[in-house]
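Topology and contacts: notes
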Amino acid sequence: MHQTPHFPFLSIPTRFSISLMDPPELHVLAVDDSTVDRKVIQKLLQISSFKVTVVESGSRALQYLGLDQEKNSDCFGDLKVNLIMTDYSMPGMTGFELLKKIKESSTLREIPVVIMSSENSLTRIDRCLEEGAEDYLLKPVKLSDLRRLKDTILKTGSQLTGQTLTRKRKHNSDPSPKPDYHDQTPSPPSSPQQAQTKRARL
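Observations regarding the side chain of Arg 124
Take Arg 124: it is sitting in helix α5 (residues 122-131). Overall, the relative accessible area of 15% leaves Arg 124 in the buried class. Side chain to side chain, Arg 124 and Glu 119 meet in a polar contact 3.4 Å long. Apart from the residues within four sequence positions on either side, Arg 124 is in contact with Tyr 88, Ser 89, Ser 117, Glu 119 and Tyr 136.

This is the structure in structure tokens:
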């Protein structure tokens, strides 16, 4: 009786195959001194499938990120932050000041920072973008804004990964210059007379 051969290494668990298709869960640190605004942005981010951490001030955000220079830093765990969204107008430390501190950090400057504000001021917008903000969103923030941000972050993340791999390949490659074989190819004769002279010598 013929039996069908069984290849266990070809069977892939359904749970594993589905996880390969799911996009990575992005973690957002949302900063706003308004309790109502914090709840709103948290809900919108959760609807958009973000993992969310909310804090009430710029100093609290720095504490979460480990930039407060305090010995007893409460880091809430070792969660990687993929995006920081901060209100512009906050007491103590403004969102713009928080943006500057993040961009001055050698370890955190690559994290995209989005400024949220209810004021549509071109001067303020230009100031934030020049300082390195990823975007400037007008309140109330919309779901379409968050979907657009998520697409941008995923695209940028894949590009950064590709650039890192490229830099690693360049770093591991042989630094000695390779010969240019094109320079060793004899140049064609410039005139029919030179060509006849070369054939006569041969």
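Notes on the sheet that holds strand β5 (residues 135-138)
Sheet architecture is open: 5 strands sit in the order β2-β1-β3-β4-β5, paired in parallel fashion. The open sheet is flanked by β2 (51-55) and β5, the only strands paired with a single partner. Along the sheet, successive strands turn relative to each other by an average axial angle of 20°, direction set aside. Seen against the sheet, helix α2 (residues 35-47) touches β1 (27-31), β2, β3 (83-87) and β4 (113-117) and runs at an angle of roughly 170° to β2.

Some words on the confidence of the model for the protein
The predicted model of the protein has a mean per-residue pLDDT of 76, with 60% of residues at 70 or higher. Note that residues 9-20 has pLDDT below 50 and, in this model, 1 contact with residues that lie over four places away or in other chains. Here residues 70-77 is modelled with pLDDT under 50, and outside its nearest four sequence neighbours on either side it reaches 11 contacts, counting other chains as well.

Notes on the side chain of Ser 105
Summarising the element assignment, Ser 105 is placed in the loop between α4 (95-104) and β4. Classification of Ser 105 as buried rests on a relative accessible area of 8%. Within polar-contact distance, the side chain of Ser 105 engages the backbone nitrogen of Leu 108 at 3.3 Å.

Rules used throughout
- Residues numbered from 1 in each chain as written.
- Predicted model: local features only at pLDDT ≥ 70, side-chain atom pairs only at ≥ 80, totals over all residues.
- Heavy atoms only, no water.
- Helix = DSSP H or I, 4+ residues; strand = E, 2+ residues; numbered from the N terminus.
- Buried < 20%, exposed > 50% of the residue type's maximum accessible area, 1.4 Å probe, protein only.
- Polar contact = N/O pair within 3.5 Å; in protein donor to acceptor, adjacent residues only side chain to side chain.
- Contact = heavy atoms within 4.5 Å.
- Pairing = 2+ DSSP bridges.
- Axes fitted to C-alpha atoms, helices over the stretch in contact; angles between N-to-C directions.
- pLDDT = per-residue confidence, 0-100.

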